[in-house]
Amino acid sequence: MSLGSLLFNPLKYSKNLLLTGVSSNVASIRFASKKSATNTRNPPKHGRPKHRGYKVPDGVRVPEGKILATQRTTRFHPGYNVSFGINGTLCALQPGKVYVTCEKVDLNWDHDWVQRNYAGHNGKIIYKKHFHVIPERQHCCFKLVEAI
C-alpha cells in the first residue's frame, strides 16, 4: 500500500492504516463538498463598462451603417451623411471617409433639456465635435457649375 493510493481513496484503507501504524493524519483528509461563499461576478455597485466614445478615428474609411461614436449625453453631433440614433449613437449613412471637426453649436435655449444641461452657458459660444462622412464617389452626387 503506497502513500499515493491513500491520498486518492483514504476511506477505503482506513482500517488497514490503524493496523499498520501509518499516521492517521493522512486518512483524515476531507474534501470540500460545497462551493465557497465568494461571488465571482462584479458587485452591483460596479456595473459592467459601456465603452462609450469614439469608435472610428478621423480619416478612416467606413462602410454604410458603421457606428462612429456612442454617447450618453450629446458630446458629438452628426454632420454630413451621419445619422443620430435614439440613444445618441452616430452612424454612417453612406460609405466614405470620416472627418471630425469642431464647430459652433446653435442651441435652442427654449428647450428644457438645453436649459438643464447648459445652465450658466447662456450667451456664450459653445463648440462641439461633429462627425462627417464624405462619400467616396463625389462625381455622381454633385454637378459643376461654371462661373461667368
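Coordinates for the structure precede this section.
Residues numbered from 1 in each chain as written. Predicted model: local features only at pLDDT ≥ 70, side-chain atom pairs only at ≥ 80, totals over all residues. Heavy atoms only, no water.

Undergrad: Residue-level account of the pairing of strand 8 (residues 127-135), with values.
TA: One ladder, built from 3 bridges, connects strand 4 (residues 76-78) with strand 8; its direction is parallel. What sits directly across from His-77, in strand 8, is His-130. Of the pairings in the sheet, the one linking strand 7 (residues 96-104) to strand 8 comprises 9 bridges and is antiparallel in character. Opposite Glu-103, over in strand 8, you have Lys-128 as the bridge partner. (Pairing = 2+ DSSP bridges. Helix = DSSP H or I, 4+ residues; strand = E, 2+ residues; numbered from the N terminus.)

Undergrad: Residues and numbers for the sheet that holds strand 1 (residues 53-54), please.
TA: Taken together, 4 strands build an open sheet; the order of strands is 1-3-6-5 and the sheet is antiparallel. With partners counted over all chains shown, the strands left at the sheet margins are strand 1 and strand 5 (82-84), one partner each. Relative to strand 3 (residues 67-70), strand 1 runs antiparallel, the two sharing 2 bridges. If you follow Gly-53 over to strand 3, its bridge partner there is Thr-70.

Undergrad: Explain unusual backbone geometry to me, using residue names and the numbers behind them.
TA: In this model, His-51 sits at a positive phi of 55 degrees, which is unusual for a non-glycine residue. Position of His-51 relative to the elements: it lies in the loop between helix 2 (14-20) and strand 1. In the Ramachandran plot, Asn-81 falls in the positive-phi region, its phi being about 60 degrees despite a non-glycine side chain. Considering the arrangement of structural elements, one finds Asn-81 in the loop between strand 4 and strand 5.

Undergrad: Provide a residue-level description of the pairing of strand 3, including the pertinent values.
TA: In terms of strand pairing, strand 3 meets strand 6 (residues 90-92) through 2 bridges, oriented antiparallel. Its bridge partner being in strand 6, Ala-69 is matched across the sheet by Leu-90.

Undergrad: Let's hear about the environment of Phe-131: which residues, and what values?
TA: Checked against the element boundaries, Phe-131 lands in strand 8. In the structure, Phe-131 is positioned 75 residues away from Val-56 in sequence and 9.9 Å away in space, judged by C-alpha atoms.

Undergrad: Go over the packing of aromatic side chains, please, and point to the residues and values.
TA: By the definition in use, this model includes 3 aromatic pairs. Ring plane angle 55 degrees and centroid distance 5.1 Å describe the contact between Tyr-54 and Phe-76, whose orientation is recorded as tilted. Of this pair, Tyr-54 sits in strand 1 while Phe-76 sits in strand 4; the two residues are 22 residues apart in sequence, bridging distant segments of the chain. By relative accessible area, which is 38% here, Tyr-54 ends up partly exposed. Grouping aromatic residues by their ring pairs yields a cluster made of Tyr-54, Phe-76 and Phe-131. (Phe/Tyr/Trp six-rings, centres within 6.5 Å; stacked < 30°, edge-to-face > 60°. Buried < 20%, exposed > 50% of the residue type's maximum accessible area, 1.4 Å probe, protein only.)

Any functional reading would require information that these geometric values do not contain.
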